[in-house]
Structures are given as structure tokens and as C-alpha cells.
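Each chain, written out:
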Amino acid sequence: MIESDYLEAIIALPDNMFYNTGIATYIWVVTNRKEKRRKGKVQLIDATNLKSPLRKNLGNKNCELTKEIREQIVDIYLGFEENEYSKIFNNEEFGYWKITVERPLRLKVEINNEKLEVFKKVAEEAKDSTAYSLVYNLYNESDKDVFYNYNEFEELLKDIAKKKGEKLLIKRIRLIRNFFAIIDEKAEKVIGKVLKKEKEDTINGKFKLENDIVEFETDTDLRDTEQISLNYDGGIEKFFENEVLPYAPDAWIDSSKTQIGYEISFTKYFYKPVKLRSIEEIVADIKVLEAETDGLLDEIIGG
């Protein structure tokens, strides 16, 4: 509706306007024939304080709009000027991109005799004793019990399988990985895919690793979303550079999940902060309280 420039104005009505409901209510003025001065703009009218109290409440309803108040609101709408009750914005003011920020999965693999014994039973239950023999042989041939590079571990596993004439099926890899691999922030990133004929594009998750362009697997526990105003100077890339990379330099955006949405908040645009009391007023009140309570403690404890 906003993108098509059909929305002229939104009028926020007073609370408790209707019987049996206290929810906030709004009037939306929609048209496909906007005046030239209104094109590309939306007028917000805050009429929450323009109300006349009822003599007797009707359920939740405790106020109404008299003829005079209705005329006042119409005049504000037709005037199309900014004042205490009216604010005018470009359509883009309410829009935002919602982006999905991904982080790489980092896995460490730990193998020892105790784990191998337990995995032997797991593999038997999964009816895949070959999985156990492959890891067993890798452990003995590599003479290494900790791998901070899961990619290295999987390549060694593939070499062992090839030597033995076994297939390293996805199901088999998953069984081994789920048992031996654990997430560790000190580990290397897990490569998900090697891309062919692609250029480096780190913001969109295409990284150069030695002579290849790769995509890393994502750690779903670290996945996050950000809302970026359509008016943000420099757009998504500049926001990502300024607000994300300084805190998560290995992050990227999954552009396939990027969405555009709109949000209108009257509180944001018509908020009036409560004026804080001065220090002098607060001190004066404290002194009055001190004077009123002077000797009270002695009376309580019988001093």
C-alpha cells in the first residue's frame, strides 16, 4: 500500500473510543488519486487527545468525538501542514530492510580410545560398522587426537575410505560428524561448498580461501537479523560495514532471505518526554521529609 503510494494519512483516535474494547484504533485514508502535494508522502495525525468525555461510561467507552472535534480533525487533514497534531513523512521513512546475518560454523574433532569404544556401539546400532573402522584407521594412521580444522579431518577420512574401497556416504559422514565434532570458536571455519566461476563477495558469503572461492557452513546458533531503514545512508552494505563487521568480522548476509517491510509508530513520532524535576525541587522535598520525620525513629524504638 505504501510502496504503491495509496496511503494518504493515518489518524490515531483516542483510547477507549468503542464499547467493550480498549485497543488503540486508527483511521486509514487510502486513495489512488493523490493530490500532487501528497504524492510520495504520508500524513500522520495524532488525535488521541482530541476527545470529549462521556457523562457515564459505556463499558470501556469513556469518550467520543463531537462534531466540533471531527471538524477540527478534518481541517488538520485538509490543511496538510505540520503542527502539534500533524506530521508529514516521505513514504521511505517507514520502510526497512530485514537482513539475515550469518556466521560460519567452526568445528573441532576430538578422537581418543574411550570415544572410539563408545562410537563402536553407536555404529553397530546404526548398522554401519564401516564408519567405526574408518575412524579407527584414521586415528591410528594420523596419530592425532584433536583436529581444529574439520575440513582437514574430512579429507583424511575420504582418503582412508578410498584406500579401503569404501564409500563415504552423506549418511555415514553425518554419523561420524555428529558424534566426534563439537562447536569451538577457536576452530577453523567449515567449508560448505567450493564455487566455480564465482568472484569473491564477502558481504554475500563468497570468500577467497587460498586459490578457491568458497561458501562456509552456517552456525544457526549465531544467526541474527537486523532492520535497516530504507533511508540509511549507503544502504545495506554501508550498514553492514559500520554496524556488523566491527563486532563480527567473519559474518555475511544471506541475501536470499532479505525482506522489505514497513512499520509506523505514532509513539516514535509524537513522543513527548516528561520534563524532569530540577535538583532544587528534589532537594527541597527531601528537606521537608527530613523535617517531618525528625525524632520519629526515637519514638519507634523508645529512645
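Use the structure listed above.
This is a predicted model, so every value here is computed, not measured. (Residues numbered from 1 in each chain as written. Predicted model: local features only at pLDDT ≥ 70, side-chain atom pairs only at ≥ 80, totals over all residues. Heavy atoms only, no water.)

Thoughts on helix H3 (residues 129-142)
Then, in step 1: Along its 14 residues, H3 runs 20 Å from first to last C-alpha, staying within 8% of the 20 Å computed at 1.5 Å per residue.
Then, in step 2: Inspection of H3 places Thr 130, Ala 131, Tyr 132, Leu 134, Val 135, Asn 137, Leu 138 and Tyr 139 among the buried residues, and these make up the whole buried set.
Then, in step 3: Tucked into the core, H3 has its buried residues touching helix H2 (113-125), strand S9 (146-147), helix H4 (150-164) and helix H5 (170-180).
Then, in step 4: Following H3 by one or two positions, Asp 143 has its phi on the positive side, about 55 degrees. (Helix = DSSP H or I, 4+ residues; strand = E, 2+ residues; numbered from the N terminus. Expected span 1.5 Å × (residues − 1). Buried < 20%, exposed > 50% of the residue type's maximum accessible area, 1.4 Å probe, protein only. Contact = heavy atoms within 4.5 Å.)

A short note on a nonpolar patch on the surface
Then, in step 1: Residues Met 1, Tyr 6, Tyr 26, Trp 28 and Val 30 make up a contiguous nonpolar surface patch of about 530 Å² in total accessible area.
Then, in step 2: In this structure, Tyr 6 sits in the segment before strand S1 (7-12).
Then, in step 3: On the accessibility criterion, Tyr 6 (39% relative accessible area) is partly exposed. (Patch = residues over 30% accessible without salt bridge, like charges linked within 9 Å, V, L, I, M, F, W, Y side chains within 5 Å. Areas by Shrake-Rupley, 256 points an atom, 1.4 Å probe, with all protein chains shown as cover. Salt bridge = Lys/Arg side-chain N within 4 Å of Asp/Glu carboxyl O.)

Here's the deal with the pattern of salt bridges
Then, in step 1: Within the structure shown, the criterion is met by 21 salt bridges.
Then, in step 2: With its nearest N and O atoms 3.4 Å apart, the salt bridge here joins Lys 257 to Glu 102. Highlighted residues: Lys 257 in the loop between strand S15 (252-253) and strand S16 (259-262) and Glu 102 in strand S7 (residues 95-102), separated in sequence by 155 residues.
Then, in step 3: What makes Lys 257 partly exposed here is its relative accessible area of 33%.
Then, in step 4: For the salt bridge of Arg 103 with Asp 250, the shortest nitrogen-to-oxygen distance reads 2.6 Å. Of the two residues, Arg 103 sits in the loop between S7 and strand S8 (107-110) while Asp 250 sits in the loop between helix H6 (235-244) and S15, which places them 147 residues apart along the sequence.
Then, in step 5: Given a relative accessible area of 23%, Arg 103 falls into the partly exposed group.
Then, in step 6: What you see here is one network of salt bridges that share partners, running through Glu 8, Glu 35, Arg 37 and Arg 38.

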